[in-house]
Amino acid sequence: MIERTFSIVKPDAVQRNLQGAILKMIQDAGLKIVAMKMIHMTKEQAEGFYAVHKDRPFFDSLVAYMCSGPCVVSVLEGENAIAKYREVMGATNPAEAAEGTIRKTFALDIEKNSCHGSDAPETAAQEIPYFFSQLEIVG
Ligand code: UDP
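Thresholds applied
- Residues numbered from 1 in each chain as written.
- Predicted model: local features only at pLDDT ≥ 70, side-chain atom pairs only at ≥ 80, totals over all residues.
- Heavy atoms only, no water.
- Phe/Tyr/Trp six-rings, centres within 6.5 Å; stacked < 30°, edge-to-face > 60°.
- Buried < 20%, exposed > 50% of the residue type's maximum accessible area, 1.4 Å probe, protein only.
- Lys NZ or Arg CZ within 6 Å of the ring centre and 35° of its normal.
- UniProt positions renumbered as here; feature names shortened; annotations may be inferred.
- Helix = DSSP H or I, 4+ residues; strand = E, 2+ residues; numbered from the N terminus.
- Contact = heavy atoms within 4.5 Å.
- Polar contact = N/O pair within 3.5 Å; in protein donor to acceptor, adjacent residues only side chain to side chain.
- Pairing = 2+ DSSP bridges.
- 1 Å grid on protein atoms, 1.4 Å probe; cavity = no way out; pocket = protein on both sides within 12 Å on 5 of 7 lines; lining within 4 Å.

- An unreviewed UniProt entry annotates the chain as Nucleoside diphosphate kinase of Desulfoplanes formicivorans.

Written out as structure tokens, the structure reads:
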């Protein structure tokens, strides 16, 4: 099944100039980039994006980190894109991520873990239009 998923190369990775390396890992997995731009999230955008975590103890720190610098947001398309990209990213905590994954290779810690990917079709359907208009998605 051809799906779309939403991706963020997070501020810790962009700050270390790793966006190219991370996008290459995504493309090498067979995922196609059908939309992409750089943004510097506002506090309101980050709070809205991570609203599901608003009662978690790490929420304020997560929001501050996501606003700490630019990131690269993109829409990825491919066969089972949602699960496939989660596999390429690796576990949330890089200490638990499998060898060869983005997070094992580049993440700094459980918060500054270099990438985001939608975790389900319903999440992708909310996250893609949160940052992209229909006109910005090609292919
Ligand atoms: N996060 C954190 N501390 C935690 C768990 C998560 O700072 O104990 C951050 C981390 O950046 C993670 C994001 O919150 O990527 C969203 O958490 P989620 O559990 O949805 O993980 P993901 O889907 O990104 O793997």
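## Some words on the packing of aromatic side chains
Then, number 1: Summed over all chains, the structure comprises 7 aromatic pairs.
Then, number 2: Aromatic pair Tyr-130 and Phe-131: ring centres 4.9 Å apart, planes at 80°, arrangement edge-to-face.
Then, number 3: By relative accessible area, which is 7% here, Phe-131 ends up buried.
Then, number 4: Of the aromatic side chains, those joined through ring pairs into one cluster are Phe-6, Phe-49, Tyr-50, Tyr-130, Phe-131 and Phe-132.
Then, number 5: Sitting above the plane of the Phe-132 ring, Lys-37 keeps its charged end 4.6 Å from the centroid.

## Thoughts on the UniProt feature "active site" (unreviewed entry) in the chain
Then, number 1: UniProt feature "active site" (unreviewed entry): in the numbering of this structure it lies at His-116.
Then, number 2: Topologically, His-116 is positioned in strand E4 (residues 115-117).
Then, number 3: For His-116, a relative accessible area of 10% corresponds to the buried category.
Then, number 4: His-116 has contacts with Phe-6, Ser-7, Ile-8, Lys-10, Phe-49, Tyr-50, Tyr-85, Met-89, Arg-103 and Glu-127, leaving out every residue within four places of it along the chain.

## Looking at the environment of Ile-137
Then, number 1: Following the sequence through the fold, Ile-137 ends up in the segment after helix H7 (121-131).
Then, number 2: Not counting the four nearest positions on each side in its chain, Ile-137 is found in contact with Arg-4, Val-34, Ala-35, Val-75, Ile-128 and Phe-132.

## Considerations on the side chain of Glu-77
Then, number 1: With respect to the element layout, Glu-77 can be found in strand E3 (residues 71-79).
Then, number 2: Residue Glu-77 is classed as buried on the basis of its relative accessible area, which comes to 15%.
Then, number 3: Separated by 2.8 Å, the side chains of Glu-77 and Arg-4 make a polar contact.

## Side note on the pairing of E3
Within a regular strand, the side chains alternate between the two sheet faces.
Then, number 1: For E3, a buried count of 8 out of 9 residues is recorded, marking the element as mostly surrounded by other parts of the structure.
Then, number 2: As defined by bridge partners, strand E1 (residues 2-9) adjoins E3 across 8 bridges and the pair is classed as antiparallel. Bridged to Arg-4 within E3 is Glu-77.
Then, number 3: Alignment of strand E2 (residues 32-39) against E3, held across 7 bridges, turns out to be antiparallel.

## Quick notes on the UniProt feature "binding site: ATP" (unreviewed entry) in the chain
Then, number 1: As recorded in UniProt, the feature "binding site: ATP" (unreviewed entry) lies at Lys-10, Phe-58, Arg-86, Thr-92, Arg-103 and Asn-113. Considered against the largest pocket, the annotated residues that line it turn out to be Lys-10, Phe-58, Arg-86, Thr-92, Arg-103 and Asn-113.
Then, number 2: In this fold, Phe-58 is placed in the loop between helix H3 (43-49) and helix H4 (59-66).
Then, number 3: Relative accessible area serves as the criterion here: at 33%, Phe-58 is assigned to the partly exposed category.
Then, number 4: Looking at the element boundaries, Asn-113 is found in the loop between helix H6 (102-106) and E4.
Then, number 5: Apart from residues lying up to four places away in sequence, Asn-113 is in contact with Lys-10, Asp-12, Tyr-65, Thr-92, Arg-103 and Ala-107.

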